[in-house]
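# Architecture at a glance
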Amino acid sequence: MLKDIECIPIPRGQSPANVNLTFRKATKNFMITIRVSSLNSDFDNMVIVDDIAYRATLCTDALSAFDIGDSFVSTPMLSLLLNRNVHTSQDLSCDFSKRASGCLWGMLNQEDDATEIAANTWAVGHGPLNDEKLYSLTGTAGTPDGEFGVARFETGGSAVLLSEVVRCALNNVHVQFRLWTTGSAKIKVCLVEESSPSLLDCQDASSGDVVVDLPRIRRPFRVAFAAEAEDQGMVLIDDIVVTGQICPPTTAKQFSSKTFRPTADIPDPNVCRLLSCDFHLGHACLYESSQVSNSAMHG
């Protein structure tokens, strides 16, 4: 608005010379002005300025590999590997909504002895994120929609997110997702043996919209997102979409039994974990805010 915030006079004795100035009071939108403050009207006057170099940490600059906005929080992922059947490739699609509770993706148990699959965990991130800070870190425009998967590394390491077992891949199987990486973090999309934690055919992915083509595979396998970092960094993924033709699960043989009970009568052992919530950082887990008639407001 052309109002002075901070002015630093330059003595004439510094001409010609390099001039270094530091401004500390600008907290809002500002411009830098080089202003002639006085001149001698009895003589010709001239000011020459060259080689302006500007260094600053702007409000839109990320201060670390984790600085993607004050609204960013992460909560534990609720999805687990429960040996669920994958009937079609679309079953593997995941947008991480409701803390990924409906996704056919998860992590190995921490007790499992895995040589190539590390114990670091994936989480679910929530925004909204600062798109300018995220762009300064990743060089990728846009931010995740709603909830998204995030792997965070404070001092390096690796973390693997696995799909449920797919019996086989037939024709035109593609894995698509949106990806952002910060710091030294990077990610590979790999195929994993059904009964072994060893990572097989891996393809590197870079930030942006990613499409990975899977080869024809005649034996059961899992798809893995293998993230790793040498030091600090994060991997953010969202909107996983899997397309193509896969083998459906085999039909179970039917046997008659006098003691048969429908599976609907068996409580889901996962339900208590899904309904538990400590409201960490104000996140309501799977609960939705609503009001019963004539009841008090709550937050």
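Residues numbered from 1 in each chain as written. Predicted model: local features only at pLDDT ≥ 70, side-chain atom pairs only at ≥ 80, totals over all residues. Heavy atoms only, no water.

Note: strand β4 (residues 148–153) against strand β11 (residues 233–246), five bridges, orientation antiparallel. Considered in β11, the bridge of G149 is made with I237. By the bridge criterion, 11 bridges tie strand β6 (residues 169–183) to β11 in an arrangement that is antiparallel. Paired with H174 across the bridge in β11 is T243. (Pairing = 2+ DSSP bridges. Helix = DSSP H or I, 4+ residues; strand = E, 2+ residues; numbered from the N terminus.)

A word on the nonpolar core. Residues W122, F177, F225 and I237 are the most contacted members of the largest nonpolar core, which totals 41 residues. Formed by 11 residues, the second largest nonpolar core is a distinct cluster that contains I68, A123, L129 and L236. (Core = buried A, V, L, I, M, F, W, Y, C linked by side-chain atoms within 4.5 Å. Buried < 20%, exposed > 50% of the residue type's maximum accessible area, 1.4 Å probe, protein only.)

On to the sheet that holds β4. Ordered in space as β1-β3-β4-β11-β6-β9, the six strands form an open sheet in which the pairing is antiparallel. Whereas interior strands pair on both sides, the edge strands pair on one side only; in this sheet they are β1 (73–76) and β9 (208–214). Between one strand axis and the next, the sheet turns by 40° as a mean value, whatever way the strands run. (Axes fitted to C-alpha atoms, helices over the stretch in contact; angles between N-to-C directions.)

A few words now on the sheet that holds strand β8 (residues 199–205). Spatially, β2-β5-β10-β7-β8 is the arrangement adopted by the five strands of the open sheet, whose pairing is antiparallel. Of all the strands in the sheet, just β2 (105–106) and β8 have a single pairing partner and so form its edges. Pairing geometry for β2 and strand β5 (residues 157–163), over two bridges, is antiparallel. Within the sheet, the bridge partner assigned to W105 lies in β5 and is S163.

Right, let's talk about a nonpolar patch on the surface for a bit. Taken together, I34, V36, L39, V47, V49 and I52 make up a surface patch of nonpolar side chains, about 640 Å² in accessible area. Structurally, I34 can be placed in the segment before β1. When its relative accessible area of 58% is taken as the criterion, I34 is described as exposed. (Patch = residues over 30% accessible without salt bridge, like charges linked within 9 Å, V, L, I, M, F, W, Y side chains within 5 Å. Areas by Shrake-Rupley, 256 points an atom, 1.4 Å probe, with all protein chains shown as cover. Salt bridge = Lys/Arg side-chain N within 4 Å of Asp/Glu carboxyl O.)

Before going further, it helps to spend a moment on the state of the cysteines. Applying the stated rule across the entire model yields three disulfides. Between the sulfur of C94 and that of C103 lies a disulfide, 2.0 Å long from S to S. Its S-S torsion of approximately 80° makes the covalent link between C94 and C103 right-handed. A relative accessible area of 4% means that C94 is categorised as buried. With a sulfur-sulfur separation of 1.5 Å, C168 is cross-linked through a disulfide to C247. Within this pair, whereas C168 is found in the loop between β5 and β6, its partner C247 is found in the loop between β11 and α2 (271–275), the two being separated by 79 residues in sequence. Exposure class is identical for C168 and C247. Each is buried. (Disulfide = S-S within 2.5 Å.)

Turning our eyes to something else, we now look at the side chain of D238. Relative to the helices and strands, D238 resides in strand β11. Within the buried set, D238 has no salt-bridge partner at all; the shortest N-O distance to an opposite charge, 4.4 Å, is to R178. From its side chain, D238 meets the backbone nitrogen of D145 in a polar contact 3.0 Å long. In this structure D238 touches D95, F96, P144, D145, E147, F148, F177, R178 and W180, once residues within four positions along its chain are discounted. (Lys, Arg positive; Asp, Glu negative; His and termini not counted. Polar contact = N/O pair within 3.5 Å; in protein donor to acceptor, adjacent residues only side chain to side chain. Contact = heavy atoms within 4.5 Å.)

Attention now goes to the confidence of the model for the protein. Here the protein shows a mean pLDDT of 82. Residues at 70 or above account for 85%. In the predicted structure, residues 110–119 sits below a pLDDT of 50 and forms 14 contacts with residues beyond four places in sequence or in another chain. In the model, residues 253–265 has pLDDT below 50 throughout and makes zero contacts with residues more than four positions away in sequence or in other chains. (pLDDT = per-residue confidence, 0-100.)

Side chains that are three or four residues apart share a direction in an α-helix, a result of its 3.6 residues per turn. Every buried residue of helix α1 (residues 131–138) is accounted for by K133, L134 and T138. On an axial view of α1, the arc spanned by its buried residues comes to 115°, and they lie on one face. Elements that come into contact with the buried residues of α1 comprise β6. Two or three places before E132, at the start of α1, stands the capping residue N130, its side-chain oxygen 3.0 Å from that residue's backbone nitrogen. (Arc of directions from axis to C-beta.)

This paragraph deals with the pattern of salt bridges. Side chains that differ in charge, positive against negative, can pair when their charged atoms come close. For the structure shown, the criterion picks out eight salt bridges. Note that D4 and R35 form a salt bridge whose closest N and O atoms lie 3.0 Å from each other. Here D4 is found in the segment before β1, whereas its partner R35 is found in the segment before β1, with 31 residues between them in sequence. Here E193 ties to R219 by a salt bridge, and the two come within 3.2 Å at their closest N and O atoms. With E193 in strand β7 (residues 186–193) and R219 in the loop between β9 and β10 (221–229), this pair connects stretches of sequence that are 26 residues apart. The class of R219 is partly exposed, set by a relative accessible area of 46%. Taken together, the shared-partner salt bridges connect D145, R178 and D239 into one network.

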